[in-house]
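The residues making up each chain are set out below.
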Amino acid sequence: MISCTEFIPAYSELFKFLEQKGDKPAVISFWEHLSDSFLNNLRDLAAQKGLAGCFEYWSHTLSEEAADFKMTFDEENQVFSIEMRKCPSKGRLLERKDIKPYHAYCEHCDLLYRRVLEPLGFEYNIDLSDCDKASCKLVIKRK
Amino acid sequence: MVEKKLKVLERNSSDNQYLHKDFHGALCYAIKYLDQTYGQDATAEYLKQVGRETFSPLIAALKKEGLIALERHFKRIFELENGDAEFKREDNCLVINVSKCPAIAHLKSTGQLFTDRYCETTVNVNLAICQAAEYQCSCEYKPGIGKCVQKFWKKEDIK
């Protein structure tokens, strides 16, 4: 086994490997597969509890990943947001000077979660313009 | 009238320990996907790439310090993830007898996908690390039970 703390570099390497095999479409196909098969916990929570389910899901995962973030759920206006000040995954990749992260690493977050939430009736927006600083902003609204 | 709430959760990196064991599940899905889409040889190729490209600090330490570097690395992992393993160094060989693989224990206890091919991670990542540092290794496992015996030795030494 490799430790779960060593997974992110292996994940980035997987995207590179897939791109070597079949260019970017091969990477996207894997992301679609992972979203459909691996994110059932987010899918179930969002379907059952709406944006409160999103809050519950990311409270757990981002805490276990030791992220630096501010998460907000405005119940009245049905808006959920994550201000990611330091993404634990991208941050660790950038810290490793011996590793070059996959060039579109952060795009997997956009595809994986959008694919779960939009079919459930949520509007999903992510700003990745600062992802080279391991920062991003996610806003999810009830349509 | 029910009061609508504003919920806020704010955390710094130092507030929590970095230990997201569900990543083991994501790796299981990756192995299954590669096996089904590109074949088992491609999966082995990918896992060796992980060993070569992402464990370069461990490869350098193994070259410089020898087997103590591997022992230190694996002891840290098993302690961090609450696994059980016995470490022995004899006749210039490091033997790790794993009685509880923490990754498999987590996947099974949480009902996540588990593929019998998961242990090929150990086989191929170890192999790539050892090849890069001019060491040799073996890993004997029975799929799914979370136990294995890993051995490491220098190329010119007798196993």
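Residues numbered from 1 in each chain as written. Chains lettered and ligands numbered in written order. Predicted model: local features only at pLDDT ≥ 70, side-chain atom pairs only at ≥ 80, totals over all residues.

Some thoughts on the sheet that holds strand β2 (residues 79-86) of chain A
Consideration 1: Spatially, five strands are ordered β3(A)-β4(A)-β2(A)-β1(A)-β1(B) in an open sheet, and the strand pairing comes out antiparallel. Whereas interior strands pair on both sides, the edge strands pair on one side only; in this sheet they are β3 (122-127) of chain A together with β1 (6-11) of chain B. Averaged over all pairs of adjacent strands, the angle between their axes in this sheet comes to 10°, without regard to strand direction.
Consideration 2: Sheet topology note: the β2 of chain A/strand β4 (residues 136-142) of chain A ladder contains six bridges and is antiparallel. Note on β4 of chain A: the bridge partner recorded for E83 of chain A is K137 of chain A. (Pairing = 2+ DSSP bridges. Helix = DSSP H or I, 4+ residues; strand = E, 2+ residues; numbered from the N terminus. Axes fitted to C-alpha atoms, helices over the stretch in contact; angles between N-to-C directions.)

Regarding the nonpolar core
Where a protein is soluble and globular, its nonpolar side chains tend to be buried together.
Consideration 1: Counting residues in each nonpolar core, the largest one holds 56 residues, and the members touching the most others are F7, A10 and L14 of chain A together with L27, L62, I129 and C130 of chain B.
Consideration 2: By residue number, the principal contributor to this core is helix α1 (residues 7-38) of chain A, which donates eleven residues.
Consideration 3: Among all residues touching A10 of chain A, those that are not within four sequence positions of it are I2 of chain A together with L27, V50 and T54 of chain B.
Consideration 4: In this structure, A46, L62, I82 and V116 of chain A belong to the second largest nonpolar core, which totals 28 residues. (Core = buried A, V, L, I, M, F, W, Y, C linked by C-beta atoms within 7 Å. Buried ≥ 20, exposed ≤ 12 C-beta atoms within 10 Å, placed from the backbone. Contact = placed C-beta atoms within 7 Å.)

What about the confidence of the model for chain B?
Consideration 1: When the pLDDT values of chain B are averaged, the result is 93; 96% of them are 70 or greater.
Consideration 2: Taken over the whole predicted complex, pTM reads 0.93, whereas the ipTM for its chain interfaces reads 0.91. (pLDDT = per-residue confidence, 0-100.)

Quick notes on the interface of chain B and chain A
Consideration 1: Contacts between the two partners involve 40 residues from chain B and, on the opposite side, 39 residues from chain A.
Consideration 2: For the side of chain B that touches chain A, the elements supplying multiple residues, two or more each, are β1, α1 (23-38), α2 (40-54), α3 (56-65), α4 (67-80) and α6 (120-133) of chain B.
Consideration 3: The greatest single-element share of the side of chain B that touches chain A, amounting to nine residues, is contributed by α1 of chain B.
Consideration 4: Looking at the side of chain B that touches chain A residue by residue, the classes come out as 20 nonpolar, twelve polar and eight charged.
Consideration 5: Where strand β1 (residues 68-74) of chain A lies against β1 of chain B, six bridges are found, and the strand directions are antiparallel. The residue of β1 of chain B that forms the bridge with T72 of chain A is V8 of chain B. (Nonpolar A, V, L, I, M, F, W, Y, C, P; charged D, E, K, R; others polar.)

Some thoughts on the pairing of strand β4 (residues 135-141) of chain B
All names here are of chain B.
Consideration 1: By the alternation rule, side chains of β4 split into Y135, C137, C139 and Y141, which are all buried, and Q136, S138 and E140, of which none is buried.
Consideration 2: The sheet contact formed by β4 and strand β5 (residues 148-154) spans seven bridges and is antiparallel. Following the sheet pairing, Y135 is matched in β5 by K154.

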